Amino acid sequence: MRFTVHVEITHLPGILDPQGATIERALPALGYENVSEVSVGKSIRLVLDASDEAAARAQVDEMCQRLLANPVIEAYEIAVREMSKA
Amino acid sequence: MSARVGIVVFPGTNCELDVAYALEALGAEPELVWHQDRRLSGIDAVVVPGGFAHGDFLRTGAIARFSPVMDAVSELAAAGAPVVGICNGFQVLTEAHLLPGALQKNVGLKFLCQTVEVRVETDRSALTSTAPVGAVLHLPINHFEGNYVCDAKTLDQLRAEERVVLRYVANPNGSLDDIAGICNEAGNVVGLMPHPERASDPILGSDDGVVLLRALLSAARARTAA
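Residues numbered from 1 in each chain as written. Chains lettered and ligands numbered in written order. Predicted model: local features only at pLDDT ≥ 70, side-chain atom pairs only at ≥ 80, totals over all residues. Heavy atoms only, no water.

Colleague: Where do I start with the overall build of chain A in this structure?
Modeller: Each helix and strand counted, chain A has two helices and three strands in total. Helices (α) and strands (β) of chain A occur, in sequence order from the N terminus, as β-α-β-α-β. Relative to the 2.2 N^0.38 estimate, which gives 12 Å for 86 residues, the radius of gyration of chain A is 17 Å and therefore markedly larger than a compact globule would have. In terms of principal-axis extent, the alpha carbons of chain A reach across some 50 × 35 × 15 Å. Within chain A, buried positions represent 26% of all 86 residues. For chain A, the share of sequence-separated contacts (at least 6 apart) that also reach a separation of at least 24 residues comes to 71%. When the accessible surface of chain A is totalled, it reaches about 5,600 Å², and 53% of it is carbon and sulfur. A gap of 7 Å separates the mean positions of the 8 positive and 13 negative side-chain charges of chain A. (Helix = DSSP H or I, 4+ residues; strand = E, 2+ residues; numbered from the N terminus. Rg over C-alpha atoms; globule rule 2.2 N^0.38 Å. Buried < 20%, exposed > 50% of the residue type's maximum accessible area, 1.4 Å probe, protein only. Contact = heavy atoms within 4.5 Å. Areas by Shrake-Rupley, 256 points an atom, 1.4 Å probe, with all protein chains shown as cover. Lys, Arg positive; Asp, Glu negative; His and termini not counted. Charge placed at Lys NZ, Arg CZ, Asp CG, Glu CD.)

Below you can see the structure in the form of C-alpha cells.
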C-alpha cells in the first residue's frame, strides 16, 4: 500500500521560538495589532510504501525520532493517508 | 611526544585548516579526517570544527550525525579521549547525543560575527583543565544557531555537575543561562560556540584561545602517556 505522509514539526512547549517571536513583533508594524502566539515550524511531506497504515505510521515515527525532528526541542504530528489507486 | 589530533571534515566544514594551523603552532600533529572514514587509528583527540556540515540542511548537524566517522568519534569519546566540537561541531555533537540539549536560531534572528567575552566556569573539562576558573577570554563567535536550549532537568544537572564550561559575559544570542560551552559527565567531550582557533595569535586580535587549545593538547597527551 502507498501512503502520503505529512509531518508537522513545531517547537516543544516552553522552548523559545525565535522565528515566531520575531514575526510576532513584525506584524504590528504592518498594522496587525491583534496577533499573538505566532509559532514557526516545519512541514515535511513524503510518500511511503508500507503493508498497512499502522506500519507506515510506526516507521514515520521512528524517522521523526532519528532524523526528521529533534525531540530535544521539537514536537511533531504525523498524518497518514492512503493514496487512491486511480 | 606530540598529540595527534584528528580534525573531522564533513562536506561544508570550513574551519578545519584554521584549527590545524592553531594546533600545529602549539606543537600538535593535526590530521584531517574525512567524514567517510570509519576509523580513527592512532588519534589522541578529536576536534569537530566549524562550518556548515552537509549544508546544515534540516537542522544544523542533523545529517552530519549519520556520517560514518561519527561512530568512531563516539567510540573514542566513550573511551575517554578528548572530543571538542567548535561552533557547527558543537551542533553536531548535540545532534549525535554526545552532549545534551540543542542549539537553535539566535534570539533576534541575526547572524552574529563579533568578538565576545566568555568566562571560564570550570576546570573539569578537557578544554579548560589548565585554564584559570573565572578568567574572561576574548573569543570570536560566528553563528546563526548558537542559542543553547535544554529542558529544566538537564540545566539543573549541568549546573550541579559543573558542566557549564564557558558563559557569555553579555549574552549575544539568547542562550539559556548564558551558556557558551558545556561538557559531558566525564568532562572529555566539550562543545562551545566561540572559536578558540581564531584567537590563537596576537595578530588575530586575541590569543585568548590558546589557553583552551593547550588544555586540549595536554589532555590528549595525558591519554597517550596513560
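Colleague: For this particular structure, what's the right way to read the interface of chain A and chain B?
Modeller: How big an interface is tends to be expressed through the accessible area that disappears when the partners come together. Counting from both sides, the interface comprises 17 residues of chain A and, opposite them, 17 residues of chain B. Here chain A meets chain B over a buried area of about 1,400 Å², counting both sides, of which 63% is carbon and sulfur. Of all residues in chain A, Pro18(A), Arg66(A) and Leu67(A) give up the largest surface area on contact with chain B, accounting jointly for 32% of the area buried on that side. The interface formed by chain A and chain B holds one salt bridge in total. Linking chain A to chain B there are eight residue pairs in polar contact (both at pLDDT 80 or more). Elements represented by at least two residues in the side of chain A that touches chain B include exactly helix H1 (18-26), strand E2 (42-49) and helix H2 (53-68) of chain A. Counting residues per element, the side of chain A that touches chain B draws most heavily on H1(A), which supplies four residues. (Buried area = accessible area lost by both parts, 1.4 Å probe. Salt bridge = Lys/Arg side-chain N within 4 Å of Asp/Glu carboxyl O. Polar contact = N/O pair within 3.5 Å; in protein donor to acceptor, adjacent residues only side chain to side chain.)

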